[in-house]
Amino acid sequence: MQGAMVNINQNILNDTLLTQSFSQQDSPLAQCQLVAKMYAGIENAVAVLSDLKANRSYIYSGGVGTAMGLDIGTEIDSIWEEGLFSRIRPDDLEAKHAMELQFFHMLKDLPNHERYDYYVNSILHMRNAQDEYVPVQHRMFYIRSADNGSVWMALCLYNFPPQQVESDNYFGRIVNSRTGKIMLPDRQQVNDILSEREKEVLRMIKTGSSSKEIAARFSISVYTVNRHRQNILQKLHVNNSMAALRIADAIHLLEN
């Protein structure tokens, strides 16, 4: 069951990130690769740069990769670093994906120039060379957006925590690096993504109801139902109802 939830959350992020539209502009790849290499060298981190437009990742391994016994390549045709994910404790991987999903939706509502002030900072547990779970600090930044607002380049850093970790649980927060403000997962913020009527419509979509059946149930027009459908897709930043349902399930949006 844990593995299924991890796959669901990963699929949700995959649908959300890769279905964005990108406008034409000069590629920022070389500049972002330099940033990733510098982080890997300065912090001895494993740095993963993901190009969401090309669905490709570039991996730079510092001393932590050697210490952990990680055997990972330098380029992969995916935004998912499965060689690293397979080392993360399943519960932590599920929580990591859910946190990144909330982070993505928060950033989509911010102007491009404000997005770079925020990053995700988590403590999760990964198997080391001795096949033992040890705490690892994971940070995730969106370091470039397209001129149409789509998030383009993501940078993930894995290294050892700067201090001893007391808890054995996953812990994640969103940090504003400009102000130092820490934002913990906000259940109310998640609940408010959709209106109550939009949640009702989405629940009926989940049961397989047609727009006509939904209209009859709530005594509204089919046009109004279709408008609710469009609003749901826009607010969840997806292109179809199946992707919207996967996101809603992952963040428990329809439980209340």
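Since we're looking at a predicted model, the values are computed, not measured. Along every chain, residues carry numbers that run from 1 in the direction the sequence is written. Confidence filtering applies because this is a predicted model: local features only for residues at pLDDT of at least 70, side-chain atom pairs given and counted only at 80 or more, and all residues used for totals across whole chains, interfaces and linings. Where side-chain values are given, they derive from all heavy atoms of the structure, hydrogens and water being excluded.

## Thoughts on the overall build of the protein chain
So, point 1. Tallying secondary structure elements over the protein chain gives eleven helices and eight strands in all.
So, point 2. Residues counted as buried form 50% of the 256 residues belonging to the protein chain.
So, point 3. Note on definitions: a residue-residue contact is assigned when non-hydrogen atoms from the two residues lie within 4.5 Å. The long-range fraction of contacts in the protein chain, counting pairs at least 24 apart against all pairs at least 6 apart in sequence, stands at 61%.
So, point 4. Where accessible areas are quoted, they stem from the Shrake-Rupley method and a 1.4 Å probe; at the residue level, only the protein chains shown are allowed to cover. Roughly 12,500 Å² of accessible area belongs to the protein chain as shown, and the carbon and sulfur atoms make up 50% of that amount. Helix and strand definitions follow DSSP, with helices as H or I runs of at least four residues and strands as E runs of at least two, each counted in order from the N terminus. For each residue, the accessible area found with a 1.4 Å probe, counting protein chains only, is set against the maximum for its type, and the residue is called buried under 20%, exposed over 50%, and partly exposed in between.

## Observations concerning the side chain of Ser211
So, point 1. Its place among the elements puts Ser211 in helix α9 (residues 211–218).
So, point 2. Overall, Ser211 belongs to the buried group, its relative accessible area being 14%.
So, point 3. Any N or O atom pair separated by 3.5 Å or less is treated as a polar contact, with the protein-specific requirement of one donor-capable and one acceptor-capable atom, and with residues adjacent in sequence counted only for side-chain atom pairs. Among the polar contacts made by the side chain of Ser211, one reaches the side chain of Asn226 at a distance of 3.1 Å.
So, point 4. For Ser211, the contacting residues outside a window of four places in its chain are Val222, Val225, Asn226 and Arg229.

## A closer look at the nonpolar core
So, point 1. Counting residues in each nonpolar core, the largest one holds 32 residues, and the members touching the most others are Phe103, Met126, Tyr142 and Tyr158.
So, point 2. The leading source of residues in this core is helix α5 (residues 90–108), at six residues.
So, point 3. Throughout, nonpolar core names a set of buried Ala, Val, Leu, Ile, Met, Phe, Trp, Tyr and Cys residues whose side chains join them through atoms within 4.5 Å. Core analysis: the next-biggest nonpolar cluster, separate from the first, contains 19 residues, Val201, Met204, Phe218 and Ala248 among them.

## Here we look at the sheet that holds strand β4 (residues 118–127)
So, point 1. Pairing between strands requires that DSSP locate at least two bridges from one strand to the other. Spatially, β3-β2-β1-β6-β5-β4-β7-β8 is the arrangement adopted by the eight strands of the open sheet, whose pairing is antiparallel. Here the strands that pair on one side only, and so sit at the sheet edges, are β3 (75–76) and β8 (182–183).
So, point 2. The pairing of strand β1 (residues 46–51) with strand β2 (residues 56–61) spans six bridges and is antiparallel. Within the sheet, the bridge partner assigned to Asp51 lies in β2 and is Arg56.

## Thoughts on the pairing of β4
The side chains of a regular strand alternate, residue by residue, between the two faces of the sheet.
So, point 1. A large share of β4 lies buried, amounting to nine of its ten residues.
So, point 2. Connecting β4 to the next strand, strand β5 (residues 133–145), in antiparallel fashion are five residues, including Asp131 with a positive phi near 65°.

Shape is all these values report; function is a separate question.
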